[in-house]
Amino acid sequence: MEKLLVIDLTEKSYKVENIDPEMARGYIGGSGLSARLLYDRIKLDIDPLGPENPLMFMTGPLVGTSMPSAGRCAVSARSPLTGFWGESNTGGFIGPEMRFAGFDGVLINGRADKPCWVSVLDNKVKFHDAAPLWGQDTYQTQDSIKEILADPKARVACIGPAGENLVKMAAIVNDHGRAAGRTGMGAVMGSKNLKAIAFRGSGKVHLADPAGYKEVVGEILQTVKDDLSAQAFQLAGTSGYVDMATMFGDMPAGYYQVGEWEESSNLSGILLAEEHLIRGTSCYRCPIVCGRETRTVKYKVDKVDGPEYETIASFGSLALVDDLEGVIYAGHLCNVYGLDTISTGSTIAMVCDLFDKGILDAEQTGGLEIRFGDVEMSHRLIEMTAKREGFGKLIAEGSAALAAHYGVPEMAATVRNLEIPMHDARSFSGMAPVYALSPRGACHLQGDMYGVDLGMAPATELGIHPGERFENSLEKGQTTARSQSWRSVYNALTVCHFMNPGASKIQRALNAATGWDYSLDELMLSGKRIFSLKRIINHNLGSTIEDDRLPEFMLKGFSTGGYARF
Amino acid sequence: MAHKFPSDEWVKAVRELLNNSDSYQRSAKDWEGDFIFVVEPDEEYADTAYLHLELYHGSSPGAAMVDPDNLPETEYTLNAPFSTWRKVIDGKLDPIQGMMTGQLKLKGNLMKIMRYPKAAQEIVACCAKIPTDW
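Residues numbered from 1 in each chain as written. Chains lettered and ligands numbered in written order. Predicted model: local features only at pLDDT ≥ 70, side-chain atom pairs only at ≥ 80, totals over all residues.

Describing the overall build of chain A
This is how the line gets drawn: Numbering of helices and strands runs from the N terminus, with a helix taken as a DSSP run of H or I at least four residues long and a strand as a DSSP run of E at least two residues long. Only the C-alpha atoms count toward the radius of gyration. The rule for a globule is 2.2 Å times the residue count to the power 0.38. A residue is called partly exposed when the number of other C-beta atoms within 10 Å of its own lies between 12 and 20, exposed at 12 or fewer, and buried at 20 or more, with C-beta atoms placed from the backbone. Contacts are defined on C-beta atoms placed from the backbone: any two residues whose C-beta positions lie within 7 Å are in contact.
The helix and strand tally for chain A stands at 21 helices and 17 strands. In terms of C-alpha radius of gyration, chain A reaches 22 Å, essentially the compact-globule figure of 24 Å for 566 residues. With the principal axes as the frame, chain A shows a C-alpha extent of 60 × 55 × 45 Å. Among the 566 residues that make up chain A, the fraction classed as buried is 63%. Pairs at least 24 apart in sequence give 71% of the contacts found in chain A among residues at least 6 apart.

Focus on the nonpolar core
The line we're drawing: Note on terminology: a nonpolar core is a set of buried residues of type Ala, Val, Leu, Ile, Met, Phe, Trp, Tyr or Cys, with members joined through C-beta atoms within 7 Å.
One finds Ile172, Leu339, Met350 and Ala509 of chain A to be the most contacted residues of the largest nonpolar core, which totals 225 residues. Those residues in contact with methionine 350 of chain A that sit more than four places away from it in its chain are Tyr255, Ser399, Leu402, Ala403, Met411, Ala412 and Ala413 of chain A.

A closer look at the interface of chain B and chain A
Under the convention used in this document: Under the scheme applied here, ten amino acids are nonpolar (Ala, Val, Leu, Ile, Met, Phe, Trp, Tyr, Cys and Pro), four are charged (Asp, Glu, Lys and Arg), and all others, including Gly, are polar.
Each partner contributes residues to the interface: chain B has 12 residues there, and chain A has 19 residues. Going through the elements one at a time, helix 4 (95-100), helix 5 (110-114) and helix 6 (117-129) of chain B are the ones with two or more residues in the side of chain B that touches chain A. Split into classes, the residues belonging to the side of chain B that touches chain A amount to seven nonpolar, three polar and two charged.

Let's talk about the sheet that holds strand 14 (residues 291-296) of chain A
Residues and elements named next belong to chain A. Basically, it comes down to this: Strands pair, by our definition, only if DSSP identifies at least two bridges between them. Here the axes come from fitting lines to C-alpha atoms, over the contacting stretch only for helices, and the angles between their N-to-C directions go from 0 to 180 degrees.
Judged by pairing direction, the sheet is antiparallel, and its three strands sit side by side in the order 13-14-15 without closing on themselves. With one partner strand each, in any of the chains shown, strand 13 (277-281) and strand 15 (301-305) form the two edges of the open sheet. Neighbour-to-neighbour, the strand axes of this sheet turn through a mean angle of 20°, independent of strand direction. In this structure, strand 14 lies alongside strand 15, joined through three bridges in antiparallel fashion. Pairing of threonine 294 across the sheet is with valine 304, part of strand 15.

Some points on the domain arrangement of chain A
Residues and elements named next belong to chain A. Quick note on the threshold: Domain boundaries shown here were taken from an automatic or database domain assignment.
As far as domains go, chain A holds domain 1 (3-200), domain 2 (233-414) and domain 3 (419-555). Placing a centre on the C-alpha atoms of domain 2 and another on those of domain 3 gives a separation of 25 Å. Contact with domain 2, which involves 24 residues of that partner, is made by 18 residues of domain 3. Those elements that provide at least two residues to the side of domain 2 that touches domain 3 are helix 11 (309-315) and helix 13 (341-356). The class makeup of the residues in the side of domain 2 that touches domain 3 is 13 nonpolar, eight polar and three charged.

Details of unusual backbone geometry
The omega torsion across glycine 306 of chain A and proline 307 of chain A is 5°, close enough to zero to call that bond cis. If you trace the backbone, proline 307 of chain A turns up in the loop between strand 15 and helix 11. Of note, the bond from phenylalanine 5 of chain B into proline 6 of chain B is cis; its omega dihedral lies within 30 degrees of zero at -5°. Here proline 6 of chain B shows up in the loop between strand 1 (3-4) and helix 1 (8-19). Within the chain, aspartate 122 of chain A stands out as a residue other than glycine whose phi angle is a positive 45°. Residue placement: aspartate 122 of chain A occurs in the loop between strand 7 (116-121) and strand 8 (124-129). Owing to 12 C-beta atoms within 10 Å, aspartate 122 of chain A belongs among the exposed residues under this scheme. Residues other than glycine seldom take positive phi values, yet histidine 57 of chain B does so here, at roughly 50°. Mapped onto the secondary structure, histidine 57 of chain B falls in the loop between strand 3 (49-53) and strand 4 (63-66). Accessibility expressed as a C-beta count within 10 Å gives 11 for histidine 57 of chain B, which makes it exposed.

Concerning the sheet that holds strand 8 of chain A
All names here are of chain A. Read across the open sheet, the six strands follow the order 8-7-12-9-10-11; overall the sheet is mixed. Strands with a single pairing partner mark the edges of an open sheet, and in this sheet they are strand 8 and strand 11 (178-180). Averaged over all adjacent pairs, the angle separating strand axes in this sheet is 20°, with direction ignored. Alignment of strand 10 (residues 172-174) against strand 11, held across three bridges, turns out to be antiparallel.

Concerning helix 13 of chain A
Residues and elements named next belong to chain A. Keep this limit in mind: Expected helix span is computed as 1.5 Å times (number of residues minus one).
With 16 residues, helix 13 extends 22 Å from end C-alpha to end C-alpha; this agrees with the ideal 22 Å at 1.5 Å per step. Buried residues dominate helix 13, accounting for 14 of its 16 residues. Backbone geometry just downstream of helix 13 places glycine 358 in the positive-phi region, at approximately 75°.

Focus: helix 14 (residues 375-387) of chain A
Residue and element names in this part refer to chain A. Across its 13 residues, helix 14 extends 19 Å between first and last C-alpha, which sits within 8% of the 18 Å expected from 1.5 Å per residue. By the burial criterion, the buried members of helix 14 are Val375, Ser378, Leu381, Ile382, Met384, Thr385 and Ala386. Buried residues belonging to helix 14 abut helix 5 (161-164), helix 11, helix 12 (324-337), helix 13 and helix 15 (392-395). Backbone geometry just downstream of helix 14 places arginine 388 in the positive-phi region, at approximately 55°.

In structure tokens, the structure reads:
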């Protein structure tokens, strides 16, 4: 991790900086290194949507190599949705292409006076007028830029109308439907008048020990062949988890207040595969191929990227919708407008709940009856949110702000202002501290105890063992803390969480790629350091221990369903 | 009366419980596909045993301990050492966790079984209800 491209949009200038090698070693890359590089810049008095908020794209030391499932890219800034540390990461091919173009990361400062986009082609940086692209959706934007560059293999990260309109849950989208969705990084990009950044390169990533790297990568690929969870993801994508999640009570229903909802079965990933699947799709050098390309005849869309499990639950069971095609289309609308499906779906489901409880009525929503089970209404609200039209203006601020607006902040299913993802902590108790302590707000990627307890993501060499999912003990807390540290390492490496070949193989790959001499203990120490640093940034932004808790209503148990023992 | 595991009477007792279980019948109402459970030797059990469980549309038409030289063709086999089966049947190892961690080795159409996790759980629940002589 050596080269950082620093872009000043205000001045339309750029420079290349060398990353301090000791800093790179200590924080590895991805969101870890981003946190360290941005630590001095993210202060309480900066406006998340102001030119002073730095926006960082950062790859990791294994990105662009032969390492499987290591092609991700982290995007970080102060979050306009939460007000705290913001990070998101995306798959596809954008991370590797950035490295092939000559850079490990890109820091974007300032604000362009008018819409622009930036191309980075083999070390050559160019600023372009984005006026003709402004208003285009994310797919159109990516296709337009490839056409302008006359290069169909260019990789484009862009915003859609949601990012342009500073919707707080706007995503950055690349490789058509891959997204850095969480914490509103698309709004930060929009606030800078930056429509897109495109990469194309012919370079190669240098390896310190190519022979050693090849050997360990071979071993890692072998573990994938024997990994049942990888096989399951390959067969059915993340949506294949729907039936199991329903059984465990992990897939929330009725805005987390319905214990057992058998209609979830109609959202099954197996049904998706049988009736709507076109093909599986993968990120750079990923043998798991968990991505789905689907179609919906009902809504006349021939190519939809996804939906992933999180999207199915957010627009499906959470809103008591069991119309799979309607959910597919909701996911598609979020992709093209550039919206995070979790935050958008969850906020709409919360509005349904507010209607249900009589806190909201049609007079307050411009005549809209927003009820559970109405996926067509969700479609309408997605468009209104992306365009900030009517009641969509309020949804665009996110669940926490919307609930506070109506005087019921306790009714938002958020932690540190970020909507809780689709793994109910009452189903896997380890997820409760994961959500409560996660630096970016409620997040299943800062420790995945549901995966650990399912046996999908153990790291036994590090003391991360599958356990009893309802256990509430010191030991469970310690396992959770180790999982948080280990996933902080993953988020710094930018390795996908579905790739779990064992900790020592990851350690060997990192050392062979970089020439570093990490022991497993030191690697875990780096994970703790990164996790703690992000929390210190939050502390500097005003977060306190009072924020480290789940909403009360999400701690209530049910008498039926998969989490009846909670 | 306790049944020895693994044995013909034990797997027949599972069949009987499944056929009397409303929740199994509901969760497996469209399921078609027999299983052979292979009990492998370890320090607690010296032999290899094969338990055949027929499963069709929420019921179990037949069950038997079968001879290794005359194994019926089944859609699925699930292998584990004796002590691992004991943990599953005693409720100390979740079968899905067991499969994901490779302690139970499944052969067969994974996609189909992912559609019916609750049925799998109900089978294990029935197994756990049988008084077992280890």
